Every structure is written in C-alpha cells, then in structure tokens.
Amino acid sequence: MLIKSTLYQLGAGSIIKILGFLTTAILYRIYSLNEIGNYFVLISLLAIFLSLQQIGSDKPLIKYNIRNKKENEHEILKTKFVLSLIFFPIFYFIASYKFDIFANLTIAFIGITLILNVISLDYILVAKKKFLSLSSIQLVSQFLLFAFFLLALIFSAKPLIIFHQIILTFLLSFFVLIYVLTKKNINLISILNSNLISLSYFTKNKILIFCNIFLPLITTLDYFLASKILEGDDLGLMSGLYRYSLLSYGFLLIINKILFSYALNTKNSKNFKSSRNFLLSLYKVISFSGLLILIYPYLKFVMNLKDISMLIYPSLIIVFSFLLMPKFFTEINKIESSEKKISFFLVSTIFLSALSIYYFGSIYLSVFIAQANLILFLSIVFSLKWILITIISNYVTKKYNIK
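The structure displayed is predicted, hence computed values, not measured ones. (Residues numbered from 1 in each chain as written. Predicted model: local features only at pLDDT ≥ 70, side-chain atom pairs only at ≥ 80, totals over all residues. Heavy atoms only, no water.)

Draft legend 1. Seen up close, the nonpolar core. Core analysis: the largest hydrophobic core is formed by 132 residues, its most contacted members being Phe-91, Phe-328 and Leu-378. The element contributing the most residues to this core is helix H13 (residues 232-266), with 17 residues. Not counting chain neighbours up to four residues away, the residues in contact with Phe-328 comprise Phe-214, Leu-215, Ile-218, Phe-351, Trp-386, Ile-389, Thr-390 and Ser-393. (Core = buried A, V, L, I, M, F, W, Y, C linked by side-chain atoms within 4.5 Å. Buried < 20%, exposed > 50% of the residue type's maximum accessible area, 1.4 Å probe, protein only. Helix = DSSP H or I, 4+ residues; strand = E, 2+ residues; numbered from the N terminus. Contact = heavy atoms within 4.5 Å.)

Draft legend 2. The arrangement of the packing of helix H4 (residues 70-98) against helix H5 (residues 104-111) in detail. At a minimum axis separation of 9 Å, H4 and H5 run at an interaxial angle of 140°. Between H4 and H5, the angle is such that the two are oblique. In this structure, H4 crosses over H5, and the sense of that crossing is right-handed. Packed against H4, whose contacting residues are Phe-88, Phe-91, Tyr-92, Ala-95 and Ser-96, the element H5 presents Asn-104, Ile-107, Ala-108, Ile-110 and Gly-111 at the interface. Residues of the contact of H4 with H5, tallied by class, amount to seven nonpolar, three polar and no charged. (Axes fitted to C-alpha atoms, helices over the stretch in contact; angles between N-to-C directions. Parallel < 35°, antiparallel > 145°, perpendicular 65-115°, else oblique. Left-handed = near helix turned anticlockwise from the far one by under 90°. Nonpolar A, V, L, I, M, F, W, Y, C, P; charged D, E, K, R; others polar.)

Draft legend 3. How the structure looks around the packing of aromatic side chains. Tallied over the full model, the rule gives 30 aromatic pairs. Relative to Phe-329, the ring of Phe-328 has its centre 5.5 Å away and its plane inclined at 85°; by these criteria the two rings are edge-to-face. Pair check on accessibility: Phe-328 and Phe-329 agree, each one buried. Here the aromatic cluster, defined as three or more aromatic residues joined through ring pairs, consists of Phe-210, Phe-214, Tyr-249, Phe-328, Phe-329, Phe-344, Phe-351 and Trp-386. (Phe/Tyr/Trp six-rings, centres within 6.5 Å; stacked < 30°, edge-to-face > 60°.)

Draft legend 4. Representation of the pattern of salt bridges in the model. The final tally for this structure, using the stated rule, is five salt bridges. Each of Lys-327, Glu-331 and Lys-334 takes part in a single network of salt bridges with overlapping partners. (Salt bridge = Lys/Arg side-chain N within 4 Å of Asp/Glu carboxyl O.)

Draft legend 5. Focus on a nonpolar patch on the surface. Residues Leu-292, Tyr-313, Leu-316, Phe-320, Leu-376, Ile-380, Leu-384, Ile-387 and Ile-391 make up a contiguous nonpolar surface patch of about 800 Å² in total accessible area. Listed by contribution, the elements that provide at least two residues to the nonpolar patch are helix H16 (309-320) and helix H19 (374-399). If you tally residues by element for the nonpolar patch, the top one is H19, at five residues. Note that Ile-391 resides in helix H19. (Patch = residues over 30% accessible without salt bridge, like charges linked within 9 Å, V, L, I, M, F, W, Y side chains within 5 Å. Areas by Shrake-Rupley, 256 points an atom, 1.4 Å probe, with all protein chains shown as cover.)

Draft legend 6. Structural view of the side chain of Ser-337. Of note, Ser-337 is situated in helix H17 (residues 325-337). At 2.6 Å, the side chain of Ser-337 forms a polar contact with the backbone oxygen of Asn-333. (Polar contact = N/O pair within 3.5 Å; in protein donor to acceptor, adjacent residues only side chain to side chain.)

Pasting the structure below:
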C-alpha cells in the first residue's frame, strides 16, 4: 500500500512538475531576470512566515486526525487563523522595506496567502489516505495556473508576477475545502468555538514542530543568501538553479508526508521500514538520473538562456546534491515518527548551527570570490550544506538507535 499510495502522488506530482516547468518557462519569457530573482526571494520570505504560522502543525494534524482527536485538531486550526492575522502586517512591513521593486498593493496581495493557507486542509486527505483525490486536486490547480500564464503570454499581457503564488494557493485551498466539506470531514463551527492551543501542544510535539519549520528553512536560506551576495540578472540565474533543486526537494516533501502517515498507522513495522528504504533508494537513482538528463532542456528552454556555458558546472554540482536528499529525508522520517525520547535541545542546536554556518560562513567567504565565480561558489556551498545536514541527521538516528 505504501508503494501504491506513493506512486499515486509521484505520478500526479510528475505531471504537476512538468506543468510547473512550463509555467516557469513562461515566467522567464514574460518577466526580466531581475524581477524573477526578487520574486523568488520574496516567496522565500513568505515561506518563513508560513512555516511560523503552521507552528509545525502539519504532521501533528495528520496524527490527531488519524487518532480522531478532534479537539486538538480544531485548536490548531483556530490558532493558525489567529496567527495569520498577526503575521500579515508584520510580513507586509518587512517585505515593503526589503522589496521596493514591488508595489505595496502587490506585497499585500501576496501576504493574503497567509490567510488562504489556513483553509489548506490537505492534511485530512493525507491522514485518510485519499492520495488519488489529493493528487487530482493538485493537478487541476496546477493546470489552471499554467493556463492563466499561457494566455498572458499569448496575448502579450504582463500580470503581476505574484499571481503565480496567489492563484495556486487559492485554488488548492478552495478545492480541498470543498472536498472536505462535501465529505463532512470537518466542522467549521467547532473550529470557531474551540480554544487556542496550550503549551502542552508544544511540549508534546516539539520535535515535529521543529522539523516542520526546519524543512522549509533549508531552502529559504538559499534564496536569502543569493540575494545577499548577488544582484540583478545573476540573482535571477541563481534563483533558477535553486528552483531546479526544488523539483527533487518537492517530491521528497510529498514522500515525507506519506511516510509519516504510514509510520503512525503501521507503528513502524519491519515491512514499513523495508518499504521505506526501498522506496527512497529507488527514488534516489531515478531522480538523479532524470534531473541530470533534464539540465540542458531546463537551462535552454525553461530559463530561456542563449548561452548556458556559465551555468553548466553550477547546475551539475547542484544535481549532485540530489543524491544526498533521500538519505536526509530517510533519517528525518525516523526522527519524526520515533516514539523514543529525543533531546530537542540537541536536535535543534546542531541543525540550526549547521544552517548558520552555511549562511554566515558563505557570506564571509564570498568577499574573497571574484564576481564572475559567485554563482559557482553558491552551488558548491549548496552541496556542502546538504552533506553537512545529512551527516547530522544520520548522527542523531545513530545516537538514539532509531531504525
């Protein structure tokens, strides 16, 4: 069942990624490299606020739904809504200060995503193993987004680039909400009447909360680092390479949710563990080979570059990191689904220290690198980051004998 469910999600995910490829290709033809670079950095800032608003609730919500603890589930959803109202003005002022390339109204629109994300109830479909339904909703939403920008290209229109985020978030949230309400899987009145979460939620789920915040932070720092070191077209080029890396990372996030759901339902049986190891080993080979082959088409036709020579080596180095990602997610899944007592202080300290070394160390070293070599430099430290966090995750599972 694990392999079958994963194939549903990855099959639909593959089509979604192809549509995403095509949509990205259209973006590179409608907007300048500078606009695209700054947009992806803005989205990265939004990702941090989204992860904070989520309060690490992604997997706890799956857990509570599986175990039918509706009161805990409703408390989290109401708290997320309250946090979205708090974070929206904070995001707006920070983004307005940092991204003067975008109008204030544009930034306000993208900030609305924080509120839309509250009604993103896809965790219910994951918990109930409705992977085919979830895949269908994601596929339809991605196709409509692609159609919107394709029409913009055909008619030589230039809509606000932030519609790339807003349209997809709205469609996903809306379609999942309709599905969930139709199936009577949730009671909105009960959510409104519930309390906010208590401190016990954080103490019981602190490892899950940290991991759910840490996972988006891994990729968000890449864009922040690039915006700190690069300018203009170079930022757009590097953002394109980071976007390419998210193809593999995005698939692994999907697999991670599925693995967590099955880990809880099967109580980490030997059959589950062998299936998990086989699945991720197979994914490593397929993803690395496939994305290695797709480098040239991505640079030439998606990013619309006439001369790709300067990005060949950086892109090859980034693809090398794809060999490390599945191992990292294997160890993270063990940590998240383990019932053993794991030191939150140890896990949070060593992982955050690794990202701090990556970010601040790269900024320090960049002053010694020639301007022409900065993209190559960023691709090298990108791979070093993955080597470091993979080693650390493996250390944690070995230390606590988690299998």
